[in-house]
Amino acid sequence: MTIGIIGGGQLGMMIAEAAKKKHYKTICLDPNPLCSASHVCDEVIVGSFNDLTKLQELGSKSDVLTYEFENIDALGLNYIKENYNIPEGTEPLYISQNRLREKGNAIACGLEPVPYQQVLNKIDLLAALAKIGYPALYKTTTLGYDGHGQYLIKSLADIDQIPFNTEGILEAYLDFDYECSIIMIRDKEKIVSLPISINKHKHGILDLSIVGQKLPIFNKIEEASYSFMEKAGFYGILCIEYFVKGDKFYFNEMAPRPHNSGHWSIEGSTLSQYDLLVSFLTKEKLEEPHLKGNTIMKNILSEDYAKLPLFKNKPGIYIHDYFKTELKPRRKMAHITFTDLTYIDYLEKYNKIFEGEKHE
Ligand code: AMP
């Protein structure tokens, strides 16, 4: 059986690693012949995610398709849905590509985002600010990830930096207690999920995922997330990110693909998010994953890439290098998983290595 992956980044690489353990073949489609997944996949088709001839080549060589890349255009999505076996469907991806669609769908399926308003121009923004108040965040509705396309508005003067060259939203800036995420996999029989991780960001980019503590609110979050997935009619893998403030939790974003905040599961869980996705794609029975112990995932961006060797050959520490050929500012280059480690111990032992670390 061959799994075709649209996208050959680190997520594609880790899907391919999980598939390989079970002796499935993988082919990825990516514009870069030296993409991360090229180091693991059996074949790389070099081309754009939106090139129908390349999608056709991938589809015709694969028994089942999945995506690790989010911005496939509507034409490409329709083409693969109509012609190939893509058991997750393309609807979850279409919804997640636009913040307004995503938040509207979250509300329709029982989840509450922080207050937000659609903004097309300066007049809309002023009206939205009058309703939402300061501080607020302006975000573009599309192509926003890792804090791209976001502007913090603390006062009227901050409006001048916004280009208004695309549709946006204004949302309340929430002084949350923490962020967390849940990763679920659903087939026709049931939903299984990984333990909820607490996520710490720096400059809008995930820095740490911390797993092991089961807070009382997690039961409510899990219940609401399962109900969301059922109401939305989604199958396959889905990550939902939340903000938690007191005893309330707010929907932030969803991703219908493996998620950065689930990398920890490769070593920290009996089954990783990638193992579970592969089981789903190949119609194997979905088994419940079990947490092995306290686990922490640390993202390594370009700025810290040279520090990676410090963590080599250390028991309980696992390095995942994405083999990217170019260092770009704040690019995710690798991650490190620390097993049997609490956040307090992490801060004590390793935080000083990443000097100047301040979490949001
Ligand atoms: P996003 O791309 O929307 O997930 O935003 C990236 C990060 O920015 C989030 O993980 C948060 O750390 C922060 N952020 C986004 N929206 C808000 C908000 N409404 N209030 C406070 N922080 C936010």
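Our subject is the structure that appears above.
What counts and how
Residues numbered from 1 in each chain as written. Predicted model: local features only at pLDDT ≥ 70, side-chain atom pairs only at ≥ 80, totals over all residues. Heavy atoms only, no water. Helix = DSSP H or I, 4+ residues; strand = E, 2+ residues; numbered from the N terminus. Rg over C-alpha atoms; globule rule 2.2 N^0.38 Å. Buried < 20%, exposed > 50% of the residue type's maximum accessible area, 1.4 Å probe, protein only. Contact = heavy atoms within 4.5 Å. Areas by Shrake-Rupley, 256 points an atom, 1.4 Å probe, with all protein chains shown as cover. Lys, Arg positive; Asp, Glu negative; His and termini not counted. Charge placed at Lys NZ, Arg CZ, Asp CG, Glu CD. Near = heavy atom within 4 Å. Polar contact = N/O pair within 3.5 Å; in protein donor to acceptor, adjacent residues only side chain to side chain. Domains from an automatic or database assignment. Core = buried A, V, L, I, M, F, W, Y, C linked by side-chain atoms within 4.5 Å. Patch = residues over 30% accessible without salt bridge, like charges linked within 9 Å, V, L, I, M, F, W, Y side chains within 5 Å. Salt bridge = Lys/Arg side-chain N within 4 Å of Asp/Glu carboxyl O.

Caption draft 1: Structural detail: the overall build of the protein chain. Looking only at helices and strands, the protein chain features ten helices and 17 strands. The C-alpha atoms of the protein chain give a radius of gyration of 20 Å, which matches the 21 Å a tight globule of 360 residues would have. Based on the C-alpha atoms only, the size of the protein chain along its principal axes is roughly 55 × 50 × 40 Å. Of all 360 residues assigned to the protein chain, the portion counted as buried reaches 53%. Across the protein chain, the fraction of contacts at a sequence separation of at least 24, relative to all contacts at a separation of at least 6, is 62%. About 16,000 Å² of surface is accessible on the protein chain, with carbon and sulfur atoms providing 51% of the total. Averaging the coordinates of the 40 positive side-chain charges in the protein chain and doing the same for the 48 negative ones gives two points 2 Å apart.

Caption draft 2: Molecular detail of the site of the ligand. Around the ligand, 16 residues are found, and the nearest of them are Lys139, Glu171, Ala172, Leu174 and Glu179. In the environment of the ligand, an oxygen atom lies 3.0 Å from a nitrogen or oxygen atom belonging to the side chain of Asn252. In the environment of the ligand, an oxygen atom lies 3.0 Å from a nitrogen or oxygen atom belonging to the side chain of Glu253. Isolated, the ligand exposes 470 Å² of accessible area, and the fraction of that covered by the protein chains is 95%. Going through the elements one at a time, strand E6 (136-140), strand E8 (168-172) and strand E14 (248-255) are the ones with two or more residues in the shell around the ligand. For the shell around the ligand, the two domains that each supply at least three residues are domain 2 (115-172) and domain 3 (178-354).

Caption draft 3: Quick peek at the nonpolar core. Counting 40 residues, the largest nonpolar core has Ile221, Phe228, Ile240 and Phe338 as its most contacted members. Contributions of two or more residues to this core are made by strand E9 (178-186), strand E12 (205-211), helix H7 (217-232), strand E13 (236-245), E14, strand E15 (295-301) and strand E17 (332-339). Sorting elements by how many residues they give to this core places H7 first, with six residues. Ignoring anything within four residues of it in the chain, the contact list for Ile240 reads Leu111, Cys180, Ser181, Ile182, Met184, Ser225, Phe228, Phe251, Glu253 and Met254. Core analysis: the second largest hydrophobic core is formed by 35 residues, Val211, Trp264, Leu281 and Leu286 among them.

Caption draft 4: Representation of a nonpolar patch on the surface within the structure. Judged by side-chain polarity, Leu126, Tyr134 and Leu156 come together as a nonpolar surface patch covering roughly 290 Å² of accessible area. By the element assignment, Leu126 lies in helix H6 (residues 122-132).

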